[in-house]
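Residues per chain are reported as follows:
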Amino acid sequence: MLEIKNLRASVEQREILKGVNLRVNAGEVHAIMGPNGSGKSTLAHVLAGREGYQVTEGQVTYLGNDLLGMAPEQRAREGVFLAFQYPVEIPGVSNMYFLRAALNAIRKHRNLDELDAVDFLGFVREKMKVLEMEQTLMNRPVNEGFSGGEKKRNEIFQMAVLEPKLAILDETDSGLDIDALRTVASGINALRHPDRAVVLVTHYQRLLNYVVPDFVHVLSEGRIVKSGGKELARELEDKGYVWLEESGQPTQAGASLR
Amino acid sequence: MTSEMDTIETLVNKEYKWGFVTEIESDSVPRGLNEDTIRLISSKKNEPDFMLEWRLNAYRHWLTLEESQAEPTWANVHYPPINYQEIVYYSAPVRKKDGPKSLDEVDPELLKTYEKLGIPLREREILSGVAIDAVFDSVSVATTFREKLKELGIIFCSFSEAVQEHTDLVREYLGTVVPYTDNFFAALNAAVFTDGSFCYIPKGVRCPMELSTYFRINAKNTGQFERTLIIADAGSYVSYLEGCTAPMRDENQLHAAVVELIAHDDATIKYSTVQNWYPGDKEGKGGIYNFVTKRGKCLGKNSKISWTQVETGSAITWKYPSCLLIGDNSIGEFYSVALTNNYQQADTGTKMIHIGKNTRSTIISKGISAGQGQNTYRGMVKILKSAAGARNYSQCDSLLLGDKCGAHTFPYLEVKNPSAQVEHEATTSRIGEDQIFYFRQRGLSSEDAVSMIVNGFCKQVFRELPMEFAVEAQKLLGVSLEGSVG
């Protein structure tokens, strides 16, 4: 589904991604872990097409097409979804209206009928339940006055409604208490499907207790330095990132993940 | 340039669609202003003596203002001096008879013009719901639904007609809210005003349809000076709408109107404007100078006057629809969206003067600036000693699109009664790149993003507009209907 080859990208002349290689197949869940500043969020944003990042080398193929050549909205309509680490507030635009407009933009692209307000409500009701989205949150302006947890739940709720093919979740677990984490995780798990792929970008292992990944990759200084199965995450949790940076030498000092 | 900027450019740089000129023979007076001009206008309209006298007094007062250079300069707008001798003060389409009694007698060219503007007078008559007075340059060319309204005792006609047929009402109320001594442009208007709408709602009558005036400037070098007078007698209700457009011309044209509203005991007047005069071109050439004095008097107890305006046109807008809250428990409201783009300038706001006890006022102002536009909110809330228990809430929000425009807020508060409660909130925001990206990541184009954000920003005001106007206002801002439906 997604193939990243030797991707190099910089922000304001500073190189952040220094040759990333990654292959994600449909049905798989990949976790990308790494210390702060390793380039995790940059990777997520480059895949979504955010401006301000210069891709200097490499290719990204998505469902056989050149992803980097597509406008952000085009990528979204083709099924790429980014759950934001810091979802922005949109005053004056109701959450419900925003999401319906987004869904209809995507449906239109797929030659499906657009949903009116009534059909839309029927369509989202189940998904609201899974993510414990109260009706009041739906009627409020997008993310305005939402708590940190509500914003993250809203992101996963949007994902559930838009049913992407490739979901990239940028630090979705940060700032969540344990209950919210469970709710968010069940939302993600509900979306797991043989036709879909999920890329979880996270600093911590704890989300992976609930959303068990098929593969774990460690990103460090702009490169994937280690890949493995779900047990790699636990190992990192125990030993810290420094364990990898110091070429496999385990150490405790200042490297705890907690 | 980022794509955000591109989007804003394309969104706000839509062509002005109402810029055509109607080829029609017109009867105009020579350029320039003197007592003879005024006598000529008055005699063309066959006015009673008191009107001519009032005009001449206004003119003489205006002359003293002109000599002392009292044209207002405090507003945050800039324009070269206006030569008042270059303006044509009266221009009317030539009529075959004394005035059309029905639409059948209206010049087909004129009907076509209004059709092109999206105001098919004939259809409107059939579709019902809105009664229209169509003002073309200096005169009213048609008023629909008059007979039906007459059955209820409602008078809705052109001002000229009211002077002839409802002389006593005109004499009683003219200039009682905006006297000609009020300001420079009000004095000029009183001297030379040519037409406008007149409306009287009798006691206890709820006007069953929207009353509407559509103002069109067509002739070259012509100033439009109209005057609207609305009187709502005790316990009555009326909702009144006005719309306006003008052809694209390189010269600036002056529009100096006066609107007076009077609400008696328990009466409500809702006054909505969608102002879309020609704003000038991208370089700021041409466009209308919209210098308007609008004021309502809540004379009776429990009376209410509500102003809603959507100001998207004009090169310069200078306008402060205000309320004098005289009656106890009376209510004044002002809801405004003002958009300035390219080189447009707007200095607009309101005055809420609290005189009676427990009077209340609400001010919601939304300014949107794009291009090199300059948008100023100027508002005054004055609570007199007599206004025990008065309350005011003001909210002034500015939205900036791009980085060459400006937003300014000048609130004036004067509170003389310690029991009053006055609140003022103001915000300034910019459409951020991160917001646009958020929309795009969800599959929406940047253009949709800008229009949804702008629309969301204006929602509080749009929902005050009558449905039909809300749609028009949204179209004007190039946005889709959000929130008010479903």
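Preceding block: the structure.
Residues numbered from 1 in each chain as written. Chains lettered and ligands numbered in written order. Predicted model: local features only at pLDDT ≥ 70, side-chain atom pairs only at ≥ 80, totals over all residues.

**Quick word on the overall build of chain A**
What counts here: Under the scheme used here, helices are H or I runs from DSSP no shorter than 4 residues and strands are E runs no shorter than 2 residues, and both carry numbers assigned from the N terminus. Taken over C-alpha atoms, the radius of gyration is set against a globule rule of 2.2 Å times the number of residues to the power 0.38. Counts of 20 or more other C-beta atoms within 10 Å of a residue's own C-beta define buried residues, counts of 12 or fewer define exposed ones, and intermediate counts define partly exposed ones; C-beta atoms are placed from the backbone. Contacts are defined on C-beta atoms placed from the backbone: any two residues whose C-beta positions lie within 7 Å are in contact.
The secondary structure content of chain A amounts to 9 helices and 12 strands. Expected size for 258 residues packed as a compact globule is a radius of gyration near 18 Å; at 18 Å, chain A falls within 12% of this value. If one aligns the C-alpha atoms of chain A with their principal axes, the spans along those axes are about 60 × 40 × 35 Å. A burial count over chain A gives 43% of its 258 residues as buried. Within chain A, residue pairs in contact and separated by at least 24 positions form 70% of the contacts whose partners lie at least 6 positions apart.

**Some remarks on the interface of chain B and chain A**
Condition: Under the convention adopted here, Pro, Cys and the residues Ala, Val, Leu, Ile, Met, Phe, Trp and Tyr are nonpolar, Asp, Glu, Lys and Arg are charged, and Gly plus all remaining residues are polar.
Contact residues are listed per partner, giving 21 residues for chain B and 22 residues for chain A. Taken together, the elements giving at least two residues each to the side of chain B that touches chain A come down to helix H10 (433–441) and helix H11 (446–462) of chain B. In terms of residue count, H10 of chain B provides more of the side of chain B that touches chain A than any other element does, 7 residues in total. A class-by-class count of the residues in the side of chain B that touches chain A yields 6 nonpolar, 8 polar and 7 charged.

**As for the environment of Leu2 of chain A**
Residues and elements named next belong to chain A. Structurally, Leu2 is set in strand S1 (residues 2–11). Of the residues examined, Leu2 has 22 C-beta atoms within 10 Å and is grouped as buried. Separated by 23 residues in the primary sequence, Leu2 and Asn25 have C-alpha atoms spaced 6.6 Å apart. With residues near it in sequence (within four places) discarded, Leu2 still touches Val24, Tyr62, Leu166 and Ala197.

**Considerations on the sheet that holds strand S9 (residues 166–170) of chain A**
Residue and element names in this part refer to chain A. Threshold: For two strands to be treated as a pair, DSSP must find at least two bridges joining them. Here, axes are lines fitted to C-alpha atoms. For helices the fit covers the stretch in contact, and angles between N-to-C directions go from 0 to 180 degrees.
Spatial ordering of the open sheet is given by S6-S9-S10-S3-S11-S12, a layout of 6 strands whose pairing is mixed. Here the strands that pair on one side only, and so sit at the sheet edges, are strand S6 (80–83) and strand S12 (223–228). Direction aside, the axes of adjacent strands within the sheet are offset by 20° on average. In terms of strand pairing, S6 meets S9 through 4 bridges, oriented parallel. Across the sheet, residue Ala83 finds its bridge partner in S9, namely Leu169.

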